[in-house]
Amino acid sequence: MALHGRDRRTGRPAAAGRPGILALLAPLAVLILVILAGVAPARAHAVLVQADPADGAVLPAMPEVLSLRFSEAVQIHALRLSGSDGTSAALTPEAGDRGAGAASGLVLLRPPAAGPGSFVLSWRIGSADGHPVAGSLVFTVGAADAGFLEAARAGDSSGAARALHAVLRGLAYAAGLPAAGVVLFLALFGADPAAEPPGLRRLAGFLAVLGGAAVLGASAVEGVLLGTGPVPAGAAPLLRLGGLATAAVAAAWRPATPACGPAAALALALSYAVTGHSSVLGSAWLSALLALHVFAAAFWIGSFPALILAARHADGAALRRLAGAFAGVATILVPLLAAAGLTLAWALVGSWQALLGTAYGRLLAGKALLVAAMLGLAGLNRWRLVPALPDGGPDAAARLRRAILAEAAAGLAVLAVTAALTSTHPPAHAGAGGVLAVLHPGLRLEGRAGPLSLVLSTATSLPGPNRFELEIRGADGAPREVRAVTLRLASPAAGIEGIARAMARVMDGAGPGRWSHAGAETALPGTWRIEAEVLVDDFERRSATFELRLGHGGHGH
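Residues numbered from 1 in each chain as written. Predicted model: local features only at pLDDT ≥ 70, side-chain atom pairs only at ≥ 80, totals over all residues. Heavy atoms only, no water.

Draft legend 1. Up close: the sheet that holds strand β2 (residues 58-59). Taking strand neighbours across the sheet as the criterion, the 5 strands line up as β2-β8-β7-β4-β5 in an open arrangement whose pairing is mixed. Pairing within the sheet leaves two strands with one partner each, and these edge strands are β2 and β5 (88-90). With 8 bridges joining them, strand β4 (residues 75-83) and strand β7 (residues 117-126) adopt antiparallel strand pairing. In the strand pairing of β7, L81 is matched with L121. (Pairing = 2+ DSSP bridges. Helix = DSSP H or I, 4+ residues; strand = E, 2+ residues; numbered from the N terminus.)

Draft legend 2. Representation of the pattern of salt bridges. Taken as a whole and judged by the stated rule, the model has 10 salt bridges. We note a salt bridge from E469 to R467, for which the minimum N-O separation is 3.4 Å. Classification of E469 as partly exposed rests on a relative accessible area of 28%. Classification of R467 by relative accessible area gives partly exposed; the value is 32%. Across the pair R541 and E533 runs a salt bridge, and its minimum N-O distance is 3.1 Å. A cluster of three or more residues bridged by salt bridges with shared partners is formed by E196, R201 and R254. (Salt bridge = Lys/Arg side-chain N within 4 Å of Asp/Glu carboxyl O. Buried < 20%, exposed > 50% of the residue type's maximum accessible area, 1.4 Å probe, protein only.)

Draft legend 3. Just the pairing of strand β10 (residues 452-458), in detail. Taken across its 7 residues, β10 has 6 buried, putting it largely inside the fold. Here strand β9 (residues 444-449) runs beside β10; their pairing, made up of 6 bridges, is antiparallel. Paired with R444 across the two strands is S457, which belongs to β10. Linking β9 back to β10 in an antiparallel pair, the connection comprises 2 residues, with G450 at a positive phi of about 65°. Note: β10 against strand β11 (residues 466-473), 6 bridges, orientation antiparallel. Bridge pairing in β11 links S457 to E469.

What follows is the structure in structure tokens.
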């Protein structure tokens, strides 16, 4: 349906929406081109992949070197070793290629001399996106000191700061997205007097200021957690602040709205594309989908206050005209929103089991149900309530306003769930699947362990989280059941010795002889040597070694 309205100066019908369509298509084109050009690669939060000593380890003596391996390069802000023998030392990573912030994510530390006792190694780091990550592990030299361990864990005071940080991030999302959406709505439909009811610009300005304050507050809390100071760092918060400042200008100064409205939504969408869980996907196209998803969500969420206020102040004919113009754009953007969201959801979850069996999957399922409810209300508005406006009297406008209020309430719930999702690790961080396996298909490696034939498959050929499956067949070619299987993963070039991981028997009813393991051990690109050790029975043990190369164009043999 074409966009239409009336020119404010002449009162004549405005042109059939060409400026509005251009205001929509231009930022979308810029959005996709910027991301595909690699200007805004996505980043995720760093996670600890491997530690030596491991959490809970009991050692005969203090090791000469402590090591932490993260899933990506990190910025070290604080490392401390505390012990029941009185040890309390700030540690400095070794310099060089394997020191702090190394591309490998490997941090090596030399602890001070210490006697027997319990020790807590704690860290505060910054991910590539600046997100604060804190953690600790406990190990014992000799006999454990239970009292010290209980006091050390109870003394962690960063929990409140992390909770405040999560709240401020959620507030920045819940205020910033509607602010950008309102000014985008004004840019698209501002030629129609009904599109600018009293109070709408003031609301957009308030939300932009509130969102900007939340971004600054979250940056200040990050500074407290990381010890870097309150100044926002990284592309994401700076883009977000720039977008919200642009939204405030668009709300306050009407001549700037046609240009600043789309620019604000564009900047906000890009700010979420340069950070977030989508980095596990390894695809610029999927990062572009994330930005498109945010852009379309801003438009949809931002339309609610505009339409609610218009339903209060405009007459039936004007309201129907505005609703028709809105529907013309929504018909383009809402399907894009849904398609992009479904694609990203499958890429981050990867299986029906993960959708229902993980916290991230359940939150995502709840979000999908809320969006489905919003779509149902939108259909009710468009095909039943809006057509009744001209002849339905004041009651028709009131019914439409109540329906839009219900849709807006569901939209606020979607924002709350989305804010929770940003602080929850998706299953794709622990194992690859879904769209990731389509864009970067896995490897299939064959080997022999005596009379046994082994096939090792990976979910993806990219470094990072992966899923390994091993099929075991006997000399007759039939699936062979065994007692246990252990994978040993090593990357000699990266200095990674064998990481032992027990595989789990696949219990999906498809037959015996299948084992799997999902994890982030293969975080680095390059050549990996993987040994599959098969315990056939109490007296027979067999092994086969596979070599695979992870990275773009990876292969193995």
